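# Understanding the architecture of this molecule
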Amino acid sequence: MLRIPLALGCSKQGHGDVLWAAAELAADAVAGAAEFSVHGLGEGARVLELGAGLGLPSAVALRLGAEVVATDLWDHERLLALSSTLALNLKLSTGGKARVMPHRWGDPCDLLCAEGLFQLILCNDCLYMPDLHGALLDTIFACLAPDGLALICFSLHQTAPASAIFGFFDLAKARGFRVEKLGEAQRAPRCANMALERSYVYVKTLRKRC
């Protein structure tokens, strides 16, 4: 079992530096220790995490020898914490590589993909703002390798109607993706007074249609 050191952030934008259940489940999936696992993530695989926050799934991929690019909004404290997390895990990795870059969904992806497209894209709790779904899909489509997989793990955080959140996948199909349901699972809530749905994780995948 991997022990992953994390550097906690103190950014003033949103809640990206909270360790949410979706990121925990994605990390377990990457490690092959979850109800739903990502298979074939070998040494040297290229992995991109969007809206990485603390970067737990990125850190797991790095420890397994992947070449990781972890991204989030341009927020000094958040990117510093994310960089610190990956630096700590880089020392414990056997052959992995890591970069941290700011990226706003929908912006050009040339710098993200400077060394190639990605076999795995991680998106954890990135669907809570439906007005950004199109921009998020633009980035995924631009960065995903033809045979790649985007792992989408998310919970409902009462920020929008559930139908609007799940509408992301209808839009993904219209944009040329094949959507598959991997599963769903209840994880432990972050605190006793939190609604259980905020730690009930849905897991789906996106692949480009051939």
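Provided above is the structure to which this section pertains.
Everything numeric in this text was worked out from a predicted model, so none of it was measured.

## Some words on the overall build of the protein
When you go through the protein residue by residue, the secondary structure sums to five helices and seven strands. Counted from the first residue to the last, the protein has its helices and strands arranged as α-β-α-β-α-β-β-α-β-α-β-β. Taken over C-alpha atoms, the radius of gyration comes to 16 Å for the protein, in line with the 17 Å a tight globule of 210 residues would show. Each principal axis of the C-alpha atoms in the protein carries an extent, and together these give about 45 × 45 × 35 Å. Relative to its full complement of 210 residues, the protein shows a buried share of 50%. The contacts in the protein between residues at least 6 apart in sequence include a share of 73% that link residues at least 24 apart. Only carbon and sulfur atoms are counted for the fraction: they give 56% of the accessible area of the protein, which is about 9,800 Å².

## Comments concerning helix α3 (residues 76-90)
Between its first and last C-alpha, α3 extends 21 Å over 15 residues, near the 21 Å set by a 1.5 Å rise per residue. Every buried residue belonging to α3 is among Arg78, Leu79, Ala81, Leu82, Thr85, Leu86 and Asn89, and all of these are buried. All buried residues of α3 project into a common sector of 160° when viewed along the axis, lining one side. Looking at the packing, one finds that the buried side of α3 touches α2 (56-63), β2 (67-72) and β3 (97-102). Among the residues of α3, the N-terminal cap falls to Asp75, whose side-chain oxygen and the backbone nitrogen of Glu77 are separated by 3.2 Å.

## A closer look at unusual backbone geometry
Positive phi, close to 55°, is recorded for Asp125, a residue that is not glycine. According to the relative accessible area criterion, Asp125 is buried, its value standing at 12%. In this model, Gln158 sits at a positive phi of 60°, which is unusual for a non-glycine residue. Residue position: Gln158 is located in the loop between β5 (144-154) and α5 (162-174).

## Here's the deal with the packing of α2 against α3
It is the contact of α2 with α3, at a shortest axis distance of 9 Å, that shows an interaxial angle of 20°. With respect to α3, the element α2 is oriented roughly parallel. Crossing geometry of α2 relative to α3 is assigned as right-handed. Contacts between α2 and α3 involve Ser58, Ala59, Leu62 and Arg63 on the former and, on the latter, Thr85, Leu86, Asn89 and Leu90.

## Examining the packing of helix α4 (residues 133-143) against α5
When two helices pack together, you describe them by how their axes are tilted relative to each other and by the distance separating the axes. α5 packs onto α4 with a crossing angle of 40° between their chain directions and a minimal axis gap of 10 Å. As far as their axial angle goes, α5 and α4 are oblique. The crossing of α4 and α5 is right-handed. Contacts between α4 and α5 involve His133, Gly134, Leu136, Leu137 and Ile140 from the former and Ala164, Ile165, Phe168, Leu171 and Ala172 from the latter. For the contact of α4 with α5, the per-class residue count stands at eight nonpolar, two polar and no charged.

## Some details on the state of the cysteines
Evaluated as defined, the whole model comprises zero disulfides. Looking at Cys143, it has no disulfide partner, and the nearest cysteine sulfur is the one in Cys113, 3.5 Å off. This cysteine, Cys153, is not joined by any disulfide, and Cys123 carries the nearest cysteine sulfur, 9.2 Å off. Judged by its relative accessible area of 1%, Cys153 falls in the buried class.

The rules behind the values
- Residues numbered from 1 in each chain as written.
- Predicted model: local features only at pLDDT ≥ 70, side-chain atom pairs only at ≥ 80, totals over all residues.
- Heavy atoms only, no water.
- Helix = DSSP H or I, 4+ residues; strand = E, 2+ residues; numbered from the N terminus.
- Rg over C-alpha atoms; globule rule 2.2 N^0.38 Å.
- Buried < 20%, exposed > 50% of the residue type's maximum accessible area, 1.4 Å probe, protein only.
- Contact = heavy atoms within 4.5 Å.
- Areas by Shrake-Rupley, 256 points an atom, 1.4 Å probe, with all protein chains shown as cover.
- Expected span 1.5 Å × (residues − 1).
- Arc of directions from axis to C-beta.
- Polar contact = N/O pair within 3.5 Å; in protein donor to acceptor, adjacent residues only side chain to side chain.
- Axes fitted to C-alpha atoms, helices over the stretch in contact; angles between N-to-C directions.
- Parallel < 35°, antiparallel > 145°, perpendicular 65-115°, else oblique.
- Left-handed = near helix turned anticlockwise from the far one by under 90°.
- Nonpolar A, V, L, I, M, F, W, Y, C, P; charged D, E, K, R; others polar.
- Disulfide = S-S within 2.5 Å.

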